[in-house]
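These are the residues of each chain, in order.
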Amino acid sequence: MSTTHPHRPTPVDAARWPDVARVPAVSPARAATTRALVRRALRGLELRVSTAGGPPAGASGPLLEIADPGAFHARLGRHGLIGFGESYLAREWDSPELVPLLTELAVNAATLVPGPLQRLRRLWAVRQPPAARNTPDDARRNIGHHYDLSNELFALFLDPTLSYSSALFDALPAAEDALPAAQHRKIDRLLDLARVGPGTRLLEIGTGWGELALRAAARGATVHTVTLSEEQLLLARRRIADAGHAGRVTVALADYRQLEGRYDAVVSVEMIEAVGARHWPTYFRVLDRLTAPGGRVALQAIVMPHDRMLASRSTHTWVQKYVFPGGLLPSREALTALTARHTRLTPARDDGFGAHYAETLRLWRERFAARRAQVLALGFDETFLRMWTLYLAYSEAGFRSGYLDVRQLLLTDPRTGGTR
């Protein structure tokens, strides 16, 4: 744990965070253009801006404090929104109202960059790296990058169910002690949609730490659940054995493309976001192939606006670089089209509850902030703390602004002749 003075943060570890420690070089012309674009973007927003410790400009709204405007503009000019995030990690900007600030940016995301530059996005935006192909080997590495960080880390800010997806509360705003019940409410609704009960053969794609499998087994289902995370695999198996359900649940380290068999129900919670756009057709064909006649598929998915998905699907983002490599959020339109083109499944339900995800993320963010000393004790550093804080706040802002939503979808197989 760091022993430095609390007002003198530890310098960025260049070995761990090379692109945060180094400010990129930009030409004077590019720097001037970036400053002009930033001024134009900020002028139309409901926020206040303080530069280099000066008095805030702007009448109202959350405060953006730009401590090092030269570095801030250099990073934006060279790397766009990736640079914006790296500038935060480098403490070149900050805000005492981080979520409201990011929410204001998310509300105006479509207009922050002028139209002509939007149309030339492919020329200036950072391109996806090779690992974004999400081949089976890529997918294993990409999942490990996030989910194999440390089971102890996730346990610090998740509730005792270890559910790492949106909860479904009975009332908003939500209290912290309501989180476990809200996670069970979310899981139970998915299991109800899939009609999981005694004798159901259930496949879960994306185990997490095993809570959905536990609740399905308690209903009398036989569960096969798969993950690409070795850390999740070990803990999920232990939790399932401790609960006395090892005879009903098998947990395997497997890619969804490797799966065989037929199941009465298939459930997958916020896993499609990690599949990657080029593999979405394969993912839906796998769902179709694994669903027995008369079976049901229940999915929970984070979605973004269709036009923004099309505009950004080939570009590299800060979240992809630092948090979820290889991932991409689909749109509702994309999910509907994929179901129609690649499956025999019929859409039967599509329900959204984005405001509940905003509250889930707020509770995670507050729990994470309250346990910063424990995070440092696990071996993570101050830059990681800022990275994770920005990730949680950025995600919360996406849902609070309405830019993001989370949906539960039910797809049904119209064929007859199932086993149940």
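The structure under discussion appears in the preceding block.
All residue numbers refer to position in the chain's written sequence, counted from 1. Only residues with pLDDT of at least 70 get local features here, since the model is predicted, and only at 80 or more are side-chain atom pairs given and counted; chain-wide, interface and lining totals rely on the full set of residues. Only hydrogens and water are removed before side-chain values are computed, so all heavy atoms of the structure are retained for them.

A. Region of the structure containing the overall build of the protein chain. By the criteria applied, helices consist of DSSP H or I runs no shorter than four residues and strands consist of E runs no shorter than two, each listed in order from the N terminus. Secondary structure assignment for the protein chain yields 18 helices and 10 strands. Radius of gyration: C-alpha atoms only; globule rule: 2.2 Å multiplied by the number of residues to the exponent 0.38. Here the C-alpha atoms of the protein chain give a radius of gyration of 22 Å, agreeing with the 22 Å that 2.2 N^0.38 yields for 420 residues. Looking at the 420 residues of the protein chain, the share that counts as buried comes to 52%. We call two residues contacting when some pair of their heavy atoms lies within 4.5 Å. Considering only contacts within the protein chain whose residues lie at least 6 apart along the sequence, 75% involve residues at least 24 apart. Partly exposed describes any residue whose relative accessible area lies between the buried limit of under 20% and the exposed limit of over 50%, with all areas from a 1.4 Å probe on protein chains only and scaled to the type maximum.

B. Just helix H3 (residues 69–89), in detail. The terminal C-alpha atoms of H3, which comprises 21 residues, lie only 14 Å apart, well short of the 30 Å expected from a rise of 1.5 Å per residue. With 15 of 21 residues buried, H3 lies mostly within the body of the structure. Any helix carries an expected span of 1.5 Å times its number of residues minus one.

C. Just the pattern of salt bridges, in detail. When a carboxyl oxygen of Asp or Glu lies within 4 Å of a side-chain nitrogen of Lys or Arg, that pair is called a salt bridge. On inspection of all chains with the given rule, the structure shows 32 salt bridges. The shortest N-O distance in the salt bridge between Asp 264 and Arg 201 comes to 2.9 Å. With Asp 264 in strand E7 (residues 263–269) and Arg 201 in strand E4 (residues 201–205), the pair connects residues that are 63 residues apart, well separated along the chain. Salt bridges here are not isolated pairs; linked through shared partners, they connect Glu 359, Arg 362, Arg 365, Glu 366, Glu 396 and Arg 400.

D. Up close: the sheet that holds E7. At least two DSSP bridges between two strands are needed for those strands to be called paired. Taken together, 7 strands build an open sheet; the order of strands is E6-E5-E4-E7-E8-E10-E9 and the sheet is mixed. Every other strand in the sheet has two partners, leaving strand E6 (249–253) and strand E9 (346–352) as the edge strands with one partner each. Strand-to-strand twist across the sheet, computed as the mean angle between neighbouring axes with direction ignored, equals 15°. As defined by bridge partners, strand E5 (residues 222–227) adjoins E6 across 5 bridges and the pair is classed as parallel. Residue pairing in the sheet places His 224 in a bridge with Thr 250 of E6. Each of E5 and E6 touches helix H11 (residues 230–242); the most contacted strand, E6, lies at about 165° to it. Comment: axis = line fitted to C-alpha atoms, over the contacting stretch for helices; angle = value between 0 and 180 degrees taken between N-to-C directions.

E. The arrangement of the packing of H3 against helix H18 (residues 382–401) in detail. Interaxial distance between H3 and H18 falls to 9 Å at its minimum, and their mutual angle equals 130°. As summarised for this structure, H3 and H18 are arranged oblique, according to the angle between their axes. Relative to H18, the crossing made by H3 is right-handed. Contact with H3, carried on its side by Gly 85, Tyr 88 and Leu 89, involves Thr 383, Arg 386, Met 387, Thr 389 and Leu 390 of H18 and no other residues of that element. Residue composition of the contact of H3 with H18, grouped by class: 4 nonpolar, 3 polar and 1 charged. Throughout this description, any angle smaller than 35 degrees is read as roughly parallel, any larger than 145 degrees as roughly antiparallel, any in the 65 to 115 degree range as roughly perpendicular, and the remainder as oblique. By definition, turning the near helix anticlockwise from the far helix through less than a right angle yields a left-handed crossing, and turning it clockwise yields a right-handed one. Lys, Arg, Asp and Glu make up the charged group, whereas Ala, Val, Leu, Ile, Met, Phe, Trp, Tyr, Cys and Pro make up the nonpolar group; the residues left over, Gly among them, are polar.

F. Highlighting the sheet that holds strand E1 (residues 48–51). Taken in spatial order, the 3 strands line up as E1-E2-E3 in an open sheet, and their pairing is mixed. Single-partner strands in this sheet number two, and they are E1 and strand E3 (93–94). By the bridge criterion, 4 bridges tie E1 to strand E2 (residues 63–66) in an arrangement that is parallel. Bridge pairing in E2 places Val 49 opposite Leu 64.

G. Region of interest: the environment of Leu 47. You can see Leu 47 is positioned in the loop between helix H2 (28–43) and E1. Between the C-alpha atoms of Leu 47 and Leu 101, which are 54 residues apart in sequence, the distance is 7.2 Å. Those residues in contact with Leu 47, other than ones at most four positions away along the chain, are Leu 42, Ala 57, Gly 58, Ser 60, Gly 61, Pro 62, Leu 101 and Glu 104.

H. Quick peek at helix H4 (residues 98–107). The element H4 is extensively covered by neighbouring structure, given that 8 of its 10 residues are classed as buried. All of the buried residues in H4 are Leu 98, Val 99, Leu 101, Leu 102, Thr 103, Glu 104, Leu 105 and Ala 106.

I. Main features of empty space enclosed by the protein. The way it works is a 1 Å grid over only the protein atoms, where trapped points that fit a 1.4 Å probe form a cavity and open points with protein on both sides within 12 Å along at least five of seven lines form a pocket, and then any residue with an atom within 4 Å of a point lines it. Grid points are joined across faces, edges and corners, and a volume is the space filled by probe spheres set on the points. Under the definition given, this model contains 1 cavity of 30 Å³ or more. In this model, the largest cavity occupies a volume close to 70 Å³. In terms of lining, the largest cavity is formed by Asn 134, Ala 139, Asn 142, Ile 143, His 146, Tyr 147, Glu 273, Ala 274, Phe 324, Pro 325 and Gly 327. For the lining of the largest cavity, a count of residues per class yields 6 nonpolar, 4 polar and 1 charged.

J. Structural view of the packing of aromatic side chains. Classification of ring pairs rests on two measures: the distance between centres of Phe, Tyr or Trp rings, Trp counted by its six-membered ring, which must be within 6.5 Å, and the angle between planes, read as stacked under 30 degrees, edge-to-face over 60 and tilted in between. In the structure shown here, the tally under the stated rule is 27 aromatic pairs. Ring geometry for Phe 84 against Trp 93: centres 4.6 Å apart, planes inclined by 20°, an arrangement best described as stacked. Seen from the ring of Tyr 88, Arg 386 lies directly overhead, with NZ or CZ sitting 3.8 Å from the centre. Our definition puts a charge over a ring when NZ of Lys or CZ of Arg is within 6 Å of the ring centre and also within 35 degrees of the ring normal.

K. Just the side chain of Thr 207, in detail. Tracing the backbone through its elements, the reader meets Thr 207 in the loop between E4 and helix H10 (211–218). A 3.5 Å cut-off defines polar contacts: any pair of N or O atoms within that distance qualifies, except that in protein one atom must be a possible hydrogen donor and the other a possible acceptor, and neighbouring residues in sequence count only when both atoms are side-chain atoms. Reaching out from Thr 207, the side chain makes a polar contact with the backbone oxygen of Val 226 at a distance of 3.0 Å. Sequence-distant contacts of Thr 207, defined by excluding residues within four places in its chain, comprise Thr 225, Val 226, Thr 227, Ala 236 and Val 251.

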